Amino acid sequence: MLDPEVEARDPARQFRLDDASFRKQAAYLLDRSPFYRDKLAGAGFATAEAVGGLDAIEALPLTEKQEIRASTTAGNPIGAHLAVPRDQLVRIYSTSGTTGTPSYIPLTADDLDNWVAASARSYSASGIRAGETVVSTYNAGPFVAGAALGVFDRLGLCHVPVGTGNTERLVAAIGLLKPEAAVMTPSYASYLIEWAAERGFDLKNSSVKRLLVAGEPGGGEPALRARLEAGWGAKVTEAMGIGDIGISLWGECEEQAGMHLGARGFVHAELIDPDTGEALAMKDGARGELVLTHLRHQAAPLLRFRTRDHVEVWTSPCACGRTSPRLRCIGRTDDMLILRGVNVFPSAIREVVGAFAPAVSGAILVKPATDSVKQEPPLPVAVELAKGVAADMALADRIGERLRAALVFQASVELVPFGTLARSEYKSKLVRR
Ligand SMILES: [Zn+2]
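A brief report on the enclosed structure follows. (Residues numbered from 1 in each chain as written. Predicted model: local features only at pLDDT ≥ 70, side-chain atom pairs only at ≥ 80, totals over all residues. Heavy atoms only, no water.)

Digging into the coordination of the zinc ion
Coordination angles at a metal have ideal targets, namely 109.5 degrees for four tetrahedral donors and 90 or 180 degrees for six octahedral donors.
Here's step 1: Surrounding the zinc ion are the protein donor atoms Cys253 (SG), His260 (NE2), Cys318 (SG) and Cys320 (SG), which sit 2.2 to 2.3 Å from the metal.
Here's step 2: What the four donor atoms of the zinc ion show is an angle range of 101 to 115 degrees at the metal, which sorts the shape as tetrahedral.
Here's step 3: Binding-site remark: the zinc ion is held by donors from one chain whose sequence spacing is C-x6-H-x57-C-x1-C. In this pair, Cys253 is assigned in the loop between β8 (246-252) and β9 (259-261) and Cys320 in the loop between β13 (305-314) and β14 (326-332), connecting sequence segments 67 residues apart.
Here's step 4: We classify Cys253 as buried; its relative accessible area is 1%.
Here's step 5: By relative accessible area, which is 22% here, Cys320 ends up partly exposed. (Donors = N, O, S within 2.8 Å, 3.2 Å for Na, K, Ca; no water. Tetrahedral: all angles 85-135°; square planar, octahedral: opposite > 155°, others 65-115°. Helix = DSSP H or I, 4+ residues; strand = E, 2+ residues; numbered from the N terminus. Buried < 20%, exposed > 50% of the residue type's maximum accessible area, 1.4 Å probe, protein only.)

Examining the sheet that holds strand β20 (residues 411-416)
What holds strands together in a sheet is hydrogen bonding between their backbones, with the strands either parallel or antiparallel.
Here's step 1: One open sheet holds the three strands; their spatial order is β17-β19-β20, and the pairing between them is mixed. The sheet is open, and its two edges are formed by β17 (360-366) and β20, each paired on a single side. Adjacent strand axes in the sheet meet at a mean angle of 25 degrees, parallel and antiparallel pairs treated alike.
Here's step 2: One ladder, built from four bridges, connects β17 with strand β19 (residues 379-385); its direction is antiparallel. Looking at β19, one finds that Val360 is bridged to Leu385.
Here's step 3: Packing of helix α11 (residues 346-354) onto the sheet brings it into contact with β17 and β19, and relative to β17 it is tilted by some 155 degrees. (Pairing = 2+ DSSP bridges. Axes fitted to C-alpha atoms, helices over the stretch in contact; angles between N-to-C directions. Contact = heavy atoms within 4.5 Å.)

Focus on the pattern of salt bridges
Here's step 1: By the definition in use, this model includes 24 salt bridges.
Here's step 2: Ionic pairing is found between Arg121 and Asp3, a salt bridge with its closest N-O pair at 3.5 Å. With Arg121 in helix α6 (residues 109-124) and Asp3 in the segment before α1 (4-7), the pair connects residues that are 118 residues apart, well separated along the chain.
Here's step 3: Taken together, the shared-partner salt bridges in this structure form one network comprising Arg225, Glu238, Glu252 and Arg328. (Salt bridge = Lys/Arg side-chain N within 4 Å of Asp/Glu carboxyl O.)

Considerations on the nonpolar core
Here's step 1: Membership of the largest hydrophobic core comes to 37 residues, with the highest contact counts inside it found for Met240, Trp250 and Leu292.
Here's step 2: A total of four residues in this core trace back to one element, the largest contributor, which is helix α2 (residues 11-32).
Here's step 3: Judged by nonpolar contacts, the second largest core, of 30 residues, contains Val352, Leu379, Leu385 and Ala396. (Core = buried A, V, L, I, M, F, W, Y, C linked by side-chain atoms within 4.5 Å.)

Observations regarding helix α7 (residues 145-154)
Here's step 1: The set of residues buried in α7 consists of Gly146, Ala147, Ala148, Val151 and Phe152.
Here's step 2: As for α7, its buried residues are in contact with β1 (89-95), α6, β3 (133-136), β4 (158-161), β5 (181-184) and β8.
Here's step 3: The positive-phi residue at the C-terminal boundary of α7 is Gly156, with phi of around 75 degrees.

Let's talk about the side chain of Thr293
Here's step 1: Of note, Thr293 is situated in strand β12 (residues 286-294).
Here's step 2: Accessibility expressed as a relative area gives 1% for Thr293, which makes it buried.
Here's step 3: Here the side chain of Thr293 touches Arg304 through a polar contact of 2.8 Å, landing on its backbone nitrogen. (Polar contact = N/O pair within 3.5 Å; in protein donor to acceptor, adjacent residues only side chain to side chain.)

Shown next, in the form of structure tokens:
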């Protein structure tokens, strides 16, 4: 462990420390954050005494990304949650956003340092060690992923940044510089297996023994993970951040049993029912939407922020000795479809379909008939066949039956030839309307 005192700390003791941090953070919000001063007062929590401690956090209002966005003005393009003067900021990241207007994520020097400290624990859980070489494929630019690059220095790694969009350069770096580890999205890792096979590059026997995937769900899906591990001849672990809260907050250890909270002490995690907003107990196998609260943030701290990530959590001890909770991302609220009252995530469809390898390539595309979240069955799903496999109705029927049994919805499965569905060097789009 990079930081055993924190990572192996007794959870009850951690809760007491987090409670003290939370009380300070809440007082700070009431003092410094116009957004939260108004929001908390409006909900009947005008003082730090009224807010109370971490054991009463469930009573506080949730924060939606949209509220923050709506609080921006020409004079304050960051938002009313900005809690420090602009001259205290050392970095302002943007989120890519889908609406055209970027939203900004400001950091003080301490915030940035805490981000790197937390993320260093998450990445180091994968087993990478000082002195090893890691090749990264982030085109970080304006995005928070840029802060993750500082983590590799912190860990004493030799970092070879190659970016996305130039696979020849990446493969040359792997072949010539012989890195022990590579960092990329699961989509790009998957694409590279096919790319290498077509060009006769022996990826499976390359120097890369650890493949660290992040940036989208998928690295924890058993079928996709098995394909990546076989194709790369490497152990796959995943990491996950939430732009507004921090980079690589969660990182998986070598036990591969879900991502540990690397940001322990910096961030408090909760689970809610996404439909009602009610808090759910954090216990083994619990599923819900992840809600995060900054505990020691300065620039623009967030309280009970709805991440729109649906996750499964585990709190039982991990064989690695880390005692923080673990999770796996099931999918994003924004990708979810509802069929006759059943929530369906495209990434879950991919996981079920992926189990039909080697008959299928693993690529799928969900094609809802309308723009609505609610869809009438059957839901059209294109499933790509593996190279050289011919379409056969019996296979389509078996996939449809398995989807109905596992995810409780009716699909109309269309088998398409290998190479039909788009590949991504960044993140895959699993839904096309
Ligand atoms: Zn572990």
